[in-house]
Amino acid sequence: MKKKRIAIFASGKGTNAKKLIDHFRNNVTAEISLLSCNNEKAEVLSIAAAEKIPSILISKNDSPQKIISELKNHAI
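The structure displayed is predicted, hence computed values, not measured ones.

**Some details on the sheet that holds strand β1 (residues 4–10)**
Alright, step 1. The parallel open sheet is built from three strands, whose spatial order is β1-β2-β3. Single-partner strands in this sheet number two, and they are β1 and β3 (55–57). Averaged over all adjacent pairs, the angle separating strand axes in this sheet is 30°, with direction ignored.
Alright, step 2. Sheet topology note: the β1/strand β2 (residues 30–37) ladder contains seven bridges and is parallel. Residue K4 lies in a different strand from β2, and its bridge partner there is A30.

**A short note on the nonpolar core**
Alright, step 1. Counting 14 residues, the largest nonpolar core has I8, I32, L35, C37 and V44 as the members making the most contacts within it.
Alright, step 2. Per-element tally for this core: the top contributor is β2, with four residues.
Alright, step 3. Those residues in contact with V44 that sit more than four places away from it in its chain are A10, S11, G12, K13, G14, A17, L35 and C37.

**Here we look at the side chain of S36**
Alright, step 1. Here S36 shows up in strand β2.
Alright, step 2. Owing to a relative accessible area of 1%, S36 belongs among the buried residues under this scheme.

**Side note on helix α1 (residues 15–24)**
Alright, step 1. Listed in full, the buried residues belonging to α1 are A17, I21 and F24. Axial view of α1: buried residues confined to an arc of 75°, hence all on one face. Those residues of α1 that are exposed and angled more than 90 degrees off the buried face are T15, N16, K19 and H23.

**So, the pattern of salt bridges**
Alright, step 1. Considering all chains together, one arrives at six salt bridges under this definition.
Alright, step 2. Measuring nitrogen to oxygen at the nearest pair gives 2.7 Å for the salt bridge that ties E51 to R25. In this pair, E51 is assigned in the loop between α2 (44–50) and β3 and R25 in the loop between α1 and β2, connecting sequence segments 26 residues apart.
Alright, step 3. Looking at R25, the relative accessible area reads 40%, which means it is partly exposed.
Alright, step 4. What emerges from the salt-bridge pattern is a single network uniting K18, D22, R25 and E51.

**Remarks on unusual backbone geometry**
Alright, step 1. Here the phi dihedral of K52 falls at roughly 60°; this positive angle occurs in a residue that is not glycine.
Alright, step 2. Within the secondary structure layout, K52 lies in the loop between α2 and β3.
Alright, step 3. Accessibility expressed as a relative area gives 73% for K52, which makes it exposed.

About the thresholds
Residues numbered from 1 in each chain as written. Predicted model: local features only at pLDDT ≥ 70, side-chain atom pairs only at ≥ 80, totals over all residues. Heavy atoms only, no water. Pairing = 2+ DSSP bridges. Helix = DSSP H or I, 4+ residues; strand = E, 2+ residues; numbered from the N terminus. Axes fitted to C-alpha atoms, helices over the stretch in contact; angles between N-to-C directions. Core = buried A, V, L, I, M, F, W, Y, C linked by side-chain atoms within 4.5 Å. Buried < 20%, exposed > 50% of the residue type's maximum accessible area, 1.4 Å probe, protein only. Contact = heavy atoms within 4.5 Å. Arc of directions from axis to C-beta. Salt bridge = Lys/Arg side-chain N within 4 Å of Asp/Glu carboxyl O.

Dropping the structure here:
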């Protein structure tokens, strides 16, 4: 069975993102595969990097289609 790939949307310190990452770390059905963030200075980006989870920066000016395209590019 192929694991479901999950994206986290976060913009701050990353405490909730870290809990999600920890929860899915050894999950056999799903994995955190991408972090999407709208704040280039957010601490959550460091958490993603330390966990070897790719991250993307999005802007409030990005169209929904661009965001969906990024998710598809990461097989989310």
